[in-house]
Amino acid sequence: MEALPIYLDSIVPSAYAILISVIAVLFFGEVIPQAICTGPQQIRIGACLAPFIQLLKIALGIIAYPIAKILDCVLGEHMSTRYSNNDLKALIELHSFHAINAIDKHQQPENIASGLQEYQTRMIKSVIDFRKGSIAKLMIPANRIFSLNVHKTINNNTAKKVTKAGFSRIPVYEKKDKNRISGVLLIKTLIGLDLTIGRTISDLVNEGEVTLRKPIFIRQNEQLEVLVNEFTKGKSHMAIVTDDPQKMEDYLNGLEDVAGEVSMLDGDPLNPTENIRLQKEPAKVLGIITLEDLIAVSYTH
């Protein structure tokens, strides 16, 4: 294309040679190839031309590679394009169904094959911002936690309160101190139990009819991705937010060295392991956060 003006200059006047060469380069070198290769068949065209491009890379690489290395040493390496989180969110928004529909107003919505739905763009953008989220902002504060005492009698009235609360997991605490978390009661484990007997949670655990799940303990200043990693281990879907997770772990594990599981005893003097655990002071409970809370944030952000 660069030699075209020189060739035309020997055939037509110089002014015409320049005009013809510019028009030819513009249409045959820019407009037409871009119109074809960026149209609806661009993937198929690219796949067909890929072997030819690979052949050119091999044939010309003997000359191009040394030149590229010399230029990198002299001018510095070319920096790859990197997008910030805001740039990525803007790109996602541009590929949403509504954005494409706004650009292609002449098309009917049912004729637009591509485009992300609103809930898809919202979830993707939420995942990008997930790292910025903090547990302290999402947790349910301690004064709003619905919990049960380990000596609470499980009867029909208690079942109605639990049902009205609408939670599938409820923290269980010892004595009158809600910081003394003993475990998490799964409400589904109460299905099929005879509630007319009036047994306490402690009785149900000791009789093996109910098992308290061990919660996850985490600091409020941890990032959400740390909590997600803990949830993916499958140990629990509820995390207790505290100012000292290790102290809570030590408190809860007080009986595990002896019994191998979280057990409920009655504080009997003949049970030294219970007394040892009750002598340990738990850390302060600041709130709770569940896996469902994280899912809700990802969907409604």
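As a reminder, the structure under discussion sits directly above these lines.
Asks: Go over the environment of Leu212, please, and point to the residues and values.
Replies: Within the element layout of this structure, Leu212 appears in strand E7 (residues 212–213). For Leu212, a relative accessible area of 7% gives the class buried. Along the primary structure Leu212 and Leu185 are separated by 27 residues, whereas in three dimensions their C-alpha atoms are 5.1 Å apart.

Asks: I'd like a description of the sheet that holds strand E2 (residues 148–149), backed by residues and values.
Replies: If you walk across this open sheet you meet the four strands as E2-E4-E5-E7, and the pairing is mixed. Two strands bound the open sheet, and with one partner strand each, they are E2 and E7. Here strand E5 (residues 181–186) runs beside E7; their pairing, made up of two bridges, is antiparallel. Looking across to E7, one finds that Leu185 is bridged to Leu212.

Asks: Give me the sheet that holds strand E10 (residues 285–290): which residues, what numbers.
Replies: Strand order in the open sheet made by the four strands is E1-E10-E9-E8, with mixed pairing throughout. Of all strands in the sheet, those bounded by a partner on one side alone are strand E1 (140–141) and strand E8 (216–218). The pairing of strand E9 (residues 238–242) with E10 spans five bridges and is classified as antiparallel. Paired with Val241 across the two strands is Gly287, which belongs to E10. Lying over the sheet, helix H10 (residues 224–232) contacts E8, E9 and E10, oriented at roughly 165° with respect to E8.

Cut-offs applied
- Residues numbered from 1 in each chain as written.
- Predicted model: local features only at pLDDT ≥ 70, side-chain atom pairs only at ≥ 80, totals over all residues.
- Heavy atoms only, no water.
- Helix = DSSP H or I, 4+ residues; strand = E, 2+ residues; numbered from the N terminus.
- Buried < 20%, exposed > 50% of the residue type's maximum accessible area, 1.4 Å probe, protein only.
- Pairing = 2+ DSSP bridges.
- Contact = heavy atoms within 4.5 Å.
- Axes fitted to C-alpha atoms, helices over the stretch in contact; angles between N-to-C directions.

Purely geometric stuff here, so don't read any function into it on its own.
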